[in-house]
Amino acid sequence: MYHHVKKLMYDVNVGEADPRFGKMLLEQFGGANGELAAAMQYTIQGWSCDDPERKDLLMDIGTEEISHLEVVGALIRMHMMPIKKALDQAEQDPIVAVTGGGGLNLFNSAGNPWTADYLKISGELEVDLRNNIAAEARAKITYERLMHLTDDVGTKEALQFLMTREITHMKAFTAALDSLGTGRFSIGKLPPTPGVVDEYYNDSTGEGPLGKDGVGNWIGKDGLHVAETPDFIHAIAASIHEGEELAKKANGAGGARRGTRVPSHRKTA
Ligand code: MN
Ligand code: MN
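Residues numbered from 1 in each chain as written. Chains lettered and ligands numbered in written order. Predicted model: local features only at pLDDT ≥ 70, side-chain atom pairs only at ≥ 80, totals over all residues. Heavy atoms only, no water.

**Q** Any chance you could break down the coordination of the manganese ion (ligand 1) for me, citing the residues and the numbers?
**A** Around the manganese ion (ligand 1), the protein contributes the donor atoms Glu35 (OE), Glu35 (OE), Glu65 (OE), His68 (ND1) and Glu166 (OE), at 2.1 to 2.5 Å from the metal centre. Mapping the donors of the manganese ion (ligand 1) onto the primary sequence yields the spacing E-x29-E-x2-H-x97-E. Metal-to-metal, the separation of the manganese ion (ligand 1) and the manganese ion (ligand 2) is 3.7 Å; Glu65 coordinates the two. Taken together, the residues Glu35 in helix H3 (residues 35-48) and Glu65 in helix H4 (residues 52-80) connect sequence positions 30 residues apart. (Donors = N, O, S within 2.8 Å, 3.2 Å for Na, K, Ca; no water. Helix = DSSP H or I, 4+ residues; strand = E, 2+ residues; numbered from the N terminus.)

In structure tokens:
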């Protein structure tokens, strides 16, 4: 059951409306890492969750995200206000201005409609908690980037609040994941193949304009070690080598033929 309280989770004040920034803010309303996506992802995970404690966590945070959506919506409405009156402002976002009458709609900053494809719901708690930690990280960095794009103090303060809450959620999801006690690399029930699971393949090698070869200090942790390049890579390398040899032979024969067609005046020169 849901209940609406007639106040915002964080009061918003916009000094000067900026429709261009309002359009950017739509990213956190109807975008891939936005508040509706977060609310739906956690809530629907929660409805399917059989673990009562973690179900409660998913419902708590899923519900808070709807409150965030409401705050972002209020900010967007304030910033979009001028597009109702002037063509040059309406041009900033014709979808909102003409189709939406200046009101809110579920589009991202590029005008693409919200989609359930944004949601990461696996039905496996240890996978979904990781999905949620990643979702919070994406929401946090999106707010940070938005904060760099406005000088409006009231807007910045609201975004600072929303950005902070995403880190709070990240902490809660991380603690819930740790509390499962299943181990950092335990996903599902089937164990990975021993040996292979610890092999790290140095599959990008050499040095050039695209970077240099290096093996990070994470090697050696959790049993991870650099292993010989696996057989399938050798097979591919061998077939490339064979192909090059064949090409060389073909070129050699062609070269001889071309040699016979050297114009006669060159021989006498
Ligand atoms: Mn949020
Ligand atoms: Mn969050």
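**Q** Give me the environment of Met170: which residues, what numbers.
**A** With respect to the helices, strands and loops of the structure, Met170 is situated in helix H8 (residues 153-179). Taking the C-alpha atoms as reference points, Met170 and Ala134, separated by 36 residues in sequence, lie 8.2 Å from one another. The residues touching Met170, leaving out its near neighbours within four places in the chain, are Ile133, Glu136 and Ala137. (Contact = heavy atoms within 4.5 Å.)

**Q** I'd like a description of the pattern of salt bridges, backed by residues and values.
**A** In the structure shown here, the tally under the stated rule is six salt bridges. Residues Glu64 and Arg165 are paired through a salt bridge, measuring 2.6 Å at the closest nitrogen-oxygen approach. One end of the pair, Glu64, is in helix H4; the other, Arg165, is in helix H8, and 101 residues separate them in sequence. Between Glu144 and Lys140 there is a salt bridge, with its nearest N and O atoms 2.6 Å apart. (Salt bridge = Lys/Arg side-chain N within 4 Å of Asp/Glu carboxyl O.)

**Q** Can you explain the packing of H4 against H8? Please cite residues and give values.
**A** The geometry of H4 relative to H8 is characterised by a closest axis approach of 11 Å and an angle of 165° between their N-to-C directions. The angle between the axes of H4 and H8 places the two elements in the roughly antiparallel class. As for how H4 packs across H8, the hand of that crossing is left-handed. When H4 is examined against H8, the residues Arg54, Leu57, Leu58, Ile61, Glu64, Glu65, His68, Val71, Val72, Leu75 and His79 are found in contact with a partner set consisting of Thr155, Ala158, Leu159, Leu162, Arg165, Glu166, His169, Ala172, Phe173, Ala176 and Ser179. Its residues assigned to classes, the contact of H4 with H8 shows twelve nonpolar, five polar and five charged. (Axes fitted to C-alpha atoms, helices over the stretch in contact; angles between N-to-C directions. Parallel < 35°, antiparallel > 145°, perpendicular 65-115°, else oblique. Left-handed = near helix turned anticlockwise from the far one by under 90°. Nonpolar A, V, L, I, M, F, W, Y, C, P; charged D, E, K, R; others polar.)

**Q** Report on the coordination of the manganese ion (ligand 2), specifying residues and quantitative values.
**A** Of the protein atoms, only Glu65 (OE), Glu136 (OE), Glu136 (OE), Glu166 (OE) and His169 (ND1) coordinate the manganese ion (ligand 2), at distances of 2.0 to 2.3 Å. In primary sequence terms, the donor set of the manganese ion (ligand 2) follows E-x70-E-x29-E-x2-H. Under the relative-accessibility criterion, Glu166 is labelled buried at 1%. For His169, a relative accessible area of 2% gives the class buried. (Buried < 20%, exposed > 50% of the residue type's maximum accessible area, 1.4 Å probe, protein only.)

**Q** Tell me about the domain arrangement of the protein chain, and name the residues and values.
**A** Each domain of the protein chain was delimited in the assignment, giving domain 1 (19-179) and domain 2 (196-259). Taken over C-alpha atoms, the centre of domain 1 sits 44 Å from the centre of domain 2. (Domains from an automatic or database assignment.)

**Q** Describe the side chain of Asn131, and please don't skip the residues or the numbers.
**A** Within the element layout of this structure, Asn131 appears in helix H7 (residues 125-148). Sequence-distant contacts of Asn131, defined by excluding residues within four places in its chain, comprise Gln41, Lys120, Ile121 and Ser122.

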